[in-house]
Amino acid sequence: MYKAFLFDIDGTLLNTEETILKSLRRAIEEETGEVIEDRNLTHALDAPGDKALTQLGIQDQEAIQKKWAAYASENRNLIHVFPGVIEVLEGLKQQGFHVGIVTSKTKQEFEDKAAPFELQTYVDDIVYAEETENHKPSGDPILAYLNKADLTAEETIYIGDTLQDEKSARAAETAFGLAAWSATPHEDAQPDQLFKEPAHILQYIHDNK
């Protein structure tokens, strides 16, 4: 049985896909005149903002970053916590498990998008993008969390929805749980645990006591 449950944010705890893609697409189009389809922007769902823009070949990032943040703020009403997530976080804490967040977002990005939902009140700690030089799919963010919380990889499962999340968990040698309730769970996943709904995490714990 795992002692620690670590979570990604975008696509796992929060449904942010529409907000991120809509805001980024608009910012790029206004600054460069280029119209990019959502399918070519999806890597931005699981990467720090500057890295996402670099992967798109955008050199002058400052103006786009500012507009992207502004439009994301305007579209904040499109963000919502996946149904059942809060109940799971509360349930894990009540049962004495360690609960954490490992995200590719900076602390400022977290405060802009996630803090209003008070996710931070349900977890023991958070590792943000600026805390490691390398980001997912590197295992460094998860390893940084393990070091911070004095946890071992063997007692930890990292739950996310993307191939980046799985690769990061493998690199850190933790177990990987697929958040299959996500809008876009990756198709080639080979998770240690498959959770079709958030509530299945608590069911897994109940079944393995």
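Residues numbered from 1 in each chain as written. Predicted model: local features only at pLDDT ≥ 70, side-chain atom pairs only at ≥ 80, totals over all residues. Heavy atoms only, no water.

Trainee: Can you break down the side chain of N75 residue by residue, with the values?
Mentor: The residue N75 is located in the loop between helix 3 (62–74) and strand 3 (80–81) in this model. In contact with N75, not counting residues within four places along its chain, are T19, K22 and S23. (Helix = DSSP H or I, 4+ residues; strand = E, 2+ residues; numbered from the N terminus. Contact = heavy atoms within 4.5 Å.)

Trainee: Tell me what's going on with the sheet that holds strand 4 (residues 98–102), and back it up with residues and numbers.
Mentor: Reading across from one edge, 5-4-1-6-7-8 is the order of the six strands in this open sheet, with parallel pairing throughout. Two strands bound the open sheet, and with one partner strand each, they are strand 5 (125–127) and strand 8 (193–195). Along the sheet, successive strands turn relative to each other by an average axial angle of 25°, direction set aside. Pairing between strand 4 and strand 5: three bridges, direction parallel. From the neighbouring strand, I101 faces strand 5, where its bridge partner is I126. (Pairing = 2+ DSSP bridges. Axes fitted to C-alpha atoms, helices over the stretch in contact; angles between N-to-C directions.)

Trainee: Which residues make up the nonpolar core, and what values go with them?
Mentor: A general feature of soluble globular proteins is that nonpolar side chains tend to end up buried together. Residues F5, F7, L92, I159 and I201 are the most contacted members of the largest nonpolar core, which totals 34 residues. Broken down by secondary-structure element, the contributors of at least two residues to this core are strand 1 (4–7), helix 4 (85–94), strand 4, strand 6 (156–160), strand 7 (175–179) and helix 8 (199–207). Sort the elements by how many residues they give to this core and helix 4 lands first, with five residues. Core analysis: the second largest hydrophobic core is formed by 15 residues, I20, L41, A44 and Y71 among them. (Core = buried A, V, L, I, M, F, W, Y, C linked by side-chain atoms within 4.5 Å. Buried < 20%, exposed > 50% of the residue type's maximum accessible area, 1.4 Å probe, protein only.)

Trainee: Before we move on, can you summarise helix 7 (residues 163–172) with the specific residues and values?
Mentor: Residues D165, E166, S168, A169 and A172 constitute the buried set of helix 7. For helix 7, the arc enclosing every buried residue in end-on projection is 160°, short of the 170-degree limit, so these residues lie on one face. Packing partners of the buried residues in helix 7 comprise helix 6 (140–149), strand 6 and strand 7. Directly beyond the C-terminal end of helix 7, a positive phi value near 65° is found at E173. (Arc of directions from axis to C-beta.)

Trainee: Pulling in residues and values, what's your account of the packing of helix 4 against helix 8?
Mentor: The N-to-C vectors of helix 4 and helix 8 enclose an angle of 30°; their axes lie 8 Å apart at closest approach. For the element pair helix 4 / helix 8, the angle class is roughly parallel. Packed against helix 4, whose contacting residues are E87, V88, G91 and L92, the element helix 8 presents A199, I201, L202 and I205 at the interface. (Parallel < 35°, antiparallel > 145°, perpendicular 65-115°, else oblique.)

Trainee: Go over the side chain of T12, please, and point to the residues and values.
Mentor: Tracing the backbone through its elements, the reader meets T12 in the loop between strand 1 and strand 2 (14–15). By relative accessible area, T12 is classed as buried at 0%. Only 3.3 Å separates the side chain of T12 from the side chain of D8, close enough to count as a polar contact. Those residues in contact with T12 that lie beyond four places of it in its chain are F7, F82, V85, I159, G160, D161, A179 and W181. (Polar contact = N/O pair within 3.5 Å; in protein donor to acceptor, adjacent residues only side chain to side chain.)

Trainee: Describe unusual backbone geometry, listing the residues and the values that go with them.
Mentor: For the peptide bond that leads from K136 to P137, omega is 20°, which places it in the cis range. The residue D150 is not glycine, and still its phi comes out positive at about 60°. One can find D150 in the loop between helix 6 and strand 6.

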